[in-house]
Amino acid sequence: MTEKKAKIAVLVSGGGTNLQALIDAQNNEIINSGEIKLVISNKDGAYALTRAENAGIKTYTVLKKNFNSQTEFENEIVRILDENEIDLIVLAGFMAILSEKFISHYEKRILNVHPSLIPSFCGEGFYGLRVHEAALKKGVKVTGATVHFVNEIPDGGEIIMQKAVEVKDGDTPEILQKRVMENAEWIILPQSTEKICKQIISE
Ligand code: GAR
């Protein structure tokens, strides 16, 4: 008998280190209840696409500029997700805005990883290095990462997991970003993905 697995789509825009953590977790059976079926990038040539190809995962590039509206852009993403019967969408450094209509269509079916301890340094305008710049500017001594469900409020959905990371004297945004990725994001994103996939297949 083949084991039932939730079908996962990972949406990316950049380097894809979180995607790599998901691929590694799948290979190491930390992710057991789900399988990454495809990767969608909204950026041409994103290195995340190479990582997916190296792992034998199907890739799609969907560029906003090729569509007349946000709705048409999202319809193309929905078409790909439907065609592949995707159960769970994981945003792993996906930097495009998704509309309320799209998000509400996938209630409790979209996960996002954010590089701070929400509700600090989150919401509109807080993404990537900017999050770490803001944390350093504020002078916090502890930061971290959060995995949460995506709802219509930016970074406002139910929190699934968080992990704290120490800020050290002399940190630059780049150094802090790397520490948060290594010690938090790459751990809690695969763990959260497994947790939610397990729930999905038991429904
Ligand atoms: C990660 O740090 C992720 O948490 C962040 O972008 C980076 C993507 O890196 N996401 C956000 O800021 C979302 N608000 P990656 O492409 O190497 O995974």
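This report concerns the structure included in the present document. (Residues numbered from 1 in each chain as written. Predicted model: local features only at pLDDT ≥ 70, side-chain atom pairs only at ≥ 80, totals over all residues. Heavy atoms only, no water.)

Quick word on the packing of helix H1 (residues 17–27) against helix H6 (residues 173–202)
Phase 1: The N-to-C vectors of H1 and H6 enclose an angle of 55°; their axes lie 9 Å apart at closest approach. With respect to each other, H1 and H6 are oriented oblique. Crossing angle aside, the handedness with which H1 passes H6 is right-handed. Taking contact as the criterion, the partners of Thr17, Asn18, Ala21, Leu22 and Ala25 in H1 are, on H6, Met181, Glu185, Trp186, Leu189, Pro190 and Thr193.
Phase 2: Here the residues of the contact of H1 with H6 sort into seven nonpolar, three polar and one charged. (Axes fitted to C-alpha atoms, helices over the stretch in contact; angles between N-to-C directions. Helix = DSSP H or I, 4+ residues; strand = E, 2+ residues; numbered from the N terminus. Parallel < 35°, antiparallel > 145°, perpendicular 65-115°, else oblique. Left-handed = near helix turned anticlockwise from the far one by under 90°. Contact = heavy atoms within 4.5 Å. Nonpolar A, V, L, I, M, F, W, Y, C, P; charged D, E, K, R; others polar.)

Considerations on the packing of aromatic side chains
Phase 1: Applying the stated criterion to the full structure yields two aromatic pairs.
Phase 2: For the ring pair Phe102 and Tyr106, a centre distance of 5.0 Å and an interplane angle of 50° mean the geometry is tilted. Each member of the pair, Phe102 as well as Tyr106, carries the same accessibility label: buried. (Phe/Tyr/Trp six-rings, centres within 6.5 Å; stacked < 30°, edge-to-face > 60°. Buried < 20%, exposed > 50% of the residue type's maximum accessible area, 1.4 Å probe, protein only.)

Looking at the packing of helix H5 (residues 129–138) against H6
Phase 1: In the contact formed by H5 and H6, the axes pass within 9 Å of each other and the chain directions differ by 110°. Between H5 and H6, the interaxial angle falls into the category roughly perpendicular. Contacts between H5 and H6 pair Leu129, His132, Glu133, Ala135 and Leu136 from the former with Pro173, Glu174, Leu176, Gln177 and Val180 from the latter.
Phase 2: Looking at the contact of H5 with H6 residue by residue, the class counts come to six nonpolar, two polar and two charged.

Focus: the site of the ligand
Phase 1: Inspection of the region around the ligand gives 14 residues, with Gly16, Thr17, Asn18, Gly128 and Glu185 positioned closest.
Phase 2: Gly15 is positioned with one of its backbone polar atoms (N or O) 3.5 Å from an oxygen atom of the ligand.
Phase 3: A distance of 2.6 Å is found between an oxygen atom of the ligand and a side-chain nitrogen or oxygen belonging to Thr17.
Phase 4: Bound to the protein, the ligand loses 92% of the 450 Å² it would expose on its own.
Phase 5: Taken together, the elements giving at least two residues each to the shell around the ligand come down to H1, strand E5 (110–114) and H6.
Phase 6: Its residues assigned to classes, the shell around the ligand comprises six nonpolar, seven polar and one charged. (Near = heavy atom within 4 Å. Polar contact = N/O pair within 3.5 Å; in protein donor to acceptor, adjacent residues only side chain to side chain. Areas by Shrake-Rupley, 256 points an atom, 1.4 Å probe, with all protein chains shown as cover.)

Side note on the side chain of Glu185
Phase 1: You can see Glu185 is positioned in helix H6.
Phase 2: It is Arg51 that comes nearest to the buried, bridge-free Glu185 among opposite-charge side chains, at 12 Å.
Phase 3: A distance of 3.0 Å separates a polar atom in the side chain of Glu185 from a polar atom in the side chain of Asn18. (Lys, Arg positive; Asp, Glu negative; His and termini not counted. Salt bridge = Lys/Arg side-chain N within 4 Å of Asp/Glu carboxyl O.)

Quick notes on the nonpolar core
Phase 1: Counting residues in each nonpolar core, the largest one holds 39 residues, and the members touching the most others are Val10, Leu19, Ile36, Val39, Val90 and Leu111.
Phase 2: Take this core: its biggest share by element is eight residues, from H6.
Phase 3: Excluding residues within four positions of it along the chain, Val90 makes contact with Ile8, Ala9, Val10, Leu11, Leu22, Leu111, Leu189 and Thr193.
Phase 4: Counting residues in each nonpolar core, the second largest holds 21 residues, with Tyr60, Val78, Ile86 and Val150 among its members. (Core = buried A, V, L, I, M, F, W, Y, C linked by side-chain atoms within 4.5 Å.)

Remarks on the sheet that holds strand E1 (residues 6–12)
The strands making up a sheet associate through hydrogen bonds between their backbones, and the pairing can be parallel or antiparallel.
Phase 1: Taken together, the seven strands give an open sheet; going across it, the order is E3-E2-E1-E4-E5-E6-E7, and neighbouring strands pair in mixed fashion. One side of each edge strand has no neighbouring strand; the edge strands of this open sheet are strand E3 (58–61) and strand E7 (159–166). Going from strand to strand, the sheet's axes swing by 20° on average, the running direction of each strand aside.
Phase 2: Set on the sheet, H1 makes contact with E1, strand E2 (34–41), strand E4 (88–91) and E5; between it and E2 the angle comes to about 160°.
Phase 3: Strands E1, E2 and E3 of the sheet are contacted by helix H2 (residues 47–54), whose axis makes an angle of about 160° with E3. (Pairing = 2+ DSSP bridges.)

Distances and angles like these do not, on their own, reveal function.
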